[in-house]
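Chain residues, written in single-letter form:
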Amino acid sequence: MHKGPFVAVTAATAALGTVLAALSLQLQAHGYEQYVEDVTLFSVLMYVTAALTVVTWVRDARPRGN
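Residues numbered from 1 in each chain as written. Predicted model: local features only at pLDDT ≥ 70, side-chain atom pairs only at ≥ 80, totals over all residues. Heavy atoms only, no water.

Looking only at helices and strands, the chain features two helices and zero strands. In terms of overall size, the chain is more extended than a compact globule, its C-alpha atoms giving a radius of gyration of 16 Å where 66 residues would be expected to give roughly 11 Å. Looking at the 66 residues of the chain, the share that counts as buried comes to 21%. Here the contacts in the chain between residues at least 6 apart in sequence split such that 65% fall between residues at least 24 apart. By element, 68% of the accessible surface of the chain is carried by carbon and sulfur atoms, the whole surface being about 5100 Å². Side chains of the chain give 4 positive and 4 negative charges; the mean places of these two sets differ by 28 Å. (Helix = DSSP H or I, 4+ residues; strand = E, 2+ residues; numbered from the N terminus. Rg over C-alpha atoms; globule rule 2.2 N^0.38 Å. Buried < 20%, exposed > 50% of the residue type's maximum accessible area, 1.4 Å probe, protein only. Contact = heavy atoms within 4.5 Å. Areas by Shrake-Rupley, 256 points an atom, 1.4 Å probe, with all protein chains shown as cover. Lys, Arg positive; Asp, Glu negative; His and termini not counted. Charge placed at Lys NZ, Arg CZ, Asp CG, Glu CD.)

Before going further, it helps to examine the environment of Tyr47. Position of Tyr47 relative to the elements: it lies in helix α2 (residues 33–61). Put simply, Tyr47 and Thr13 are 34 residues apart on the chain and 6.7 Å apart in space, counted from C-alpha to C-alpha. In contact with Tyr47, other than residues within four places in its own chain, are Ala14, Gly17 and Thr18.

What follows deals with the environment of Ala12. The residue Ala12 is located in helix α1 (residues 3–29) in this model. Overall, Ala12 belongs to the partly exposed group, its relative accessible area being 45%.

Let us look at the packing of aromatic side chains. Under the definition given, this model contains two aromatic pairs. Geometrically, the ring pair formed by Phe6 and Trp57 is stacked, given 6.3 Å between the ring centres and 0° between the ring planes. You can see Phe6 sitting in helix α1 and its partner Trp57 sitting in helix α2, a full 51 residues away along the chain. Note on Tyr32 and Tyr35: the rings are 6.3 Å apart at their centroids and 40° apart in plane angle, and the pair reads as tilted. Note on Tyr32: relative accessible area 43%, which makes it partly exposed. (Phe/Tyr/Trp six-rings, centres within 6.5 Å; stacked < 30°, edge-to-face > 60°.)

With that settled, consider a nonpolar patch on the surface. Residues Leu41, Phe42 and Leu45 make up a contiguous nonpolar surface patch of about 280 Å² in total accessible area. As for its position among the elements, Leu45 is in helix α2. (Patch = residues over 30% accessible without salt bridge, like charges linked within 9 Å, V, L, I, M, F, W, Y side chains within 5 Å. Salt bridge = Lys/Arg side-chain N within 4 Å of Asp/Glu carboxyl O.)

This brings us to the side chain of Ser24. Take Ser24: it is sitting in helix α1. For Ser24, a relative accessible area of 7% gives the class buried. Leaving out residues up to four positions away in the same chain, Ser24 has contacts with Val36, Val39 and Thr40.

Considering the arrangement of structural elements, one finds Gly31 in the loop between α1 and α2. Sequence spacing of Gly31 and Thr18 is 13 residues, and the spatial spacing of their C-alpha atoms is 20 Å.

Right under this line is the structure:
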């Protein structure tokens, strides 16, 4: 596969993780503590998804042999 889809998915999920982390901080600052844990969890999941996409990209780039 070409690197385009991997880069796009990794960038999008990392950006979403960053936005969710910022939202989590804003929720905490405004007193919505009951939502902070859930939003933070989704933020971490987005970063993990981005990392796994990079791992898939690296594994896909390896030469295949029989």
